[in-house]
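Examining the three-dimensional arrangement
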Amino acid sequence: MAAIYSLYIINKSGGLIFYKDYGSKGRMDTNDSLRVASLWHSMHAISQQLSPITGCSGIELLEADTFDLNCFQSLTGTKFFVVCEPGTQNMEVLLKFIYELYTDYVLKNPFYEMEMPIRCELFDIKLTQAIQKDRVALLGR
């Protein structure tokens, strides 16, 4: 069983710019993945406003019975979130590494337009390698 179910990248206005499924039991179609991304963006924004702590950056971890949702928001407002098995450790490290891949292979790509869907083959390759490496590390524990 894979530790990571799926990865989403949402732009600062809440649009889904990247989605990748990594073998979850119930694969989602395009409309469902758009709804999940939109719902998460809204919940994240509401949590920032309702938090009693000043300077709160929103929900970072949502724990459910059947999955965990880990989120990393960059300074530009782009959100990276991973849906994974409950109790999976070190997802914040993986999300920060994915952000590094995003900055190296997407933002530095002269053909990429900001806030648009990500279509970068090198990013896909490096991302798949990082996820596979993380799975191997998780299985070895």
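Above: the structure in question.
Cut-offs used in this document
- Every residue gets a number counted from 1 within its own chain, in the order that chain's sequence is written.
- With the structure being a predicted model, the display of local features is reserved for residues of pLDDT at least 70 and the display and counting of side-chain atom pairs for 80 or more, all residues being used for whole-chain, interface and lining totals.
- Water and hydrogen atoms play no part in the side-chain values, which are based on all heavy atoms of the structure.
- Elements are defined by DSSP. Helices are runs of H or I of four residues or more, strands are runs of E of two residues or more, and each kind is numbered from the N terminus.
- Per-residue accessibility, obtained with a 1.4 Å probe over protein chains only, is compared with the maximum for each type, and a residue is labelled buried under 20%, exposed over 50%, and partly exposed between these values.
- Strands were regarded as paired on the criterion that DSSP finds at least two bridges between them.
- Convention adopted: a line fitted to C-alpha atoms gives each axis, helices being fitted over their contacting stretch, and angles between N-to-C directions are expressed from 0 to 180 degrees.
- Residues grouped as a nonpolar core are buried Ala, Val, Leu, Ile, Met, Phe, Trp, Tyr and Cys residues, joined through side-chain atoms within 4.5 Å.
- A contact between two residues is defined here by any heavy atoms of the two lying within 4.5 Å.

Turning our eyes to something else, we now look at unusual backbone geometry. Within the chain, Asn-90 stands out as a residue other than glycine whose phi angle is a positive 60 degrees. Assignment of secondary structure puts Asn-90 in the loop between β5 (79-84) and α2 (91-107). Phi is positive for Glu-115, which is not a glycine, with a value near 70 degrees. On the secondary structure map, Glu-115 appears in the loop between α2 and α3 (121-139). Among the residues examined, Glu-115 registers a relative accessible area of 26% and is labelled partly exposed.

Two strands in a sheet stick together by hydrogen bonds in their backbones, pointing the same way (parallel) or opposite ways (antiparallel). What the five strands build is an open sheet, ordered β2-β1-β5-β4-β3; its pairing is antiparallel. Of all strands in the sheet, those with a lone pairing partner are β2 (16-21) and β3 (61-63), marking the two edges. The mean inter-strand angle of the sheet, taken between neighbouring strand axes irrespective of direction, is 10 degrees. By the bridge criterion, six bridges tie strand β1 (residues 4-10) to β5 in an arrangement that is antiparallel.

One finds Tyr-102, Ile-118, Phe-123 and Leu-127 to be the most contacted residues of the largest nonpolar core, which totals 24 residues. For this core, the secondary structure elements donating two or more residues are β1, β2, β5, α2 and α3. If we ignore the near neighbours within four places in the chain, the residues touching Ile-118 are Ile-9, Ile-17, Phe-18, Tyr-102, Val-106, Tyr-112 and Phe-123. Ile-10, Ala-37, Leu-69 and Val-83 belong to the second largest nonpolar core, which has ten residues in total.

The values are spatial; any link to function lies outside them.
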